[in-house]
Amino acid sequence: VSQSRYWCWAYIVDRSYSKNPEYYTRAFSIIQEDIIKLFEYVEPSDINNATYSFRIHELLIRICNEVKANFKAILRENIFDPKDKYGKPRSEKNWNIDDFKIVNKTHHLDDYKIELPFWKGQLNIRKPFEAWKNNLPLSWYQAYNQSKHDRVHNFDKANFNNLIDAYSGLCVILS
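Computed from a prediction, not measured in an experiment: that's the story for all the values here.

Chemist: Help me understand the environment of Asn-124, please; the structure alone is not making it clear to me.
Modeler: Note that Asn-124 resides in the loop between strand E1 (114–115) and strand E2 (125–126). Expressed as a C-alpha distance, the spacing of Asn-124 and Ile-114, which sit 10 residues apart in the sequence, is 8.1 Å. Apart from the residues within four sequence positions on either side, Asn-124 is in contact with Ile-114, Glu-115, Leu-116 and Trp-119.

Chemist: Please clarify how the packing of aromatic side chains should be interpreted in this entry.
Modeler: Two descriptors summarise a pair of aromatic rings, namely the distance from one centre to the other and the angle between the planes of the rings. Applying the stated rule across the entire model yields 14 aromatic pairs. Judged by centre distance (5.4 Å) and plane angle (85°), the rings of Tyr-52 and Phe-155 are edge-to-face. Residue Tyr-52 is found in the loop between helix H2 (21–38) and helix H3 (54–77), and its partner Phe-155 is found in the loop between helix H6 (151–154) and helix H7 (160–174); the two are separated by 103 residues along the sequence. Each ring, one from Phe-80 and one from Trp-95, has its centre 5.0 Å from the other, and the planes form 75°; the classification is edge-to-face.

Chemist: Just checking my understanding: could you explain the pattern of salt bridges for this structure?
Modeler: Charged atoms that come close allow side chains of opposite charge to pair. Per the stated rule, a full pass over the model turns up 11 salt bridges. For the salt bridge of Arg-126 with Asp-165, the shortest nitrogen-to-oxygen distance reads 2.7 Å. Taken together, the residues Arg-126 in strand E2 and Asp-165 in helix H7 connect sequence positions 39 residues apart. Judged on exposure class, the residue Arg-126 and its partner Asp-165 are both buried. Salt-bridge contacts for Glu-130 lead to Lys-127; the nearest nitrogen and oxygen are separated by 3.9 Å. Of the residues examined, Lys-127 reaches a relative accessible area of 40% and is grouped as partly exposed. Put simply, Asp-110, Asp-111 and Lys-133 are held in one network by salt bridges that share partners.

Rules and cut-offs
- Residues numbered from 1 in each chain as written.
- Predicted model: local features only at pLDDT ≥ 70, side-chain atom pairs only at ≥ 80, totals over all residues.
- Heavy atoms only, no water.
- Helix = DSSP H or I, 4+ residues; strand = E, 2+ residues; numbered from the N terminus.
- Contact = heavy atoms within 4.5 Å.
- Phe/Tyr/Trp six-rings, centres within 6.5 Å; stacked < 30°, edge-to-face > 60°.
- Salt bridge = Lys/Arg side-chain N within 4 Å of Asp/Glu carboxyl O.
- Buried < 20%, exposed > 50% of the residue type's maximum accessible area, 1.4 Å probe, protein only.

Function cannot be inferred from these measures alone, as they are strictly geometric.
Encoded structure:
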């Protein structure tokens, strides 16, 4: 991560991130082990970006669920209280990616980049939130939603490229 060393410890110490932050970092550790295990079968390389499988799909779903959980934890801890179009409070179960963009305003997620030193090819630097600079949707998050809601027609969107971008996004949030 191309930011200061603050990221190594801030998530655990800073109460404004979440209650019980160890649950989020433990989940990340397990996901990281599973990503490394996947690398035994799919080489981290540009040439494999279109590769998709049930394992990749499963990991993409898990990672994006962690992305959502982390965003919700940050918003909850910072007393996020959104209203619907009638001025009534929206429950947490109705928070979505548009709500999560609020975190970008304070945390500048769209400025972070993740370097994958073991990657073969040109795509070893990932900027998972860069699309938010231009108020565009995150392609990896859209792929997650599309493959989650209609796997039959969108299974190929749960590919290695989107998985690595989602994983990089989770790394950024935890950083």
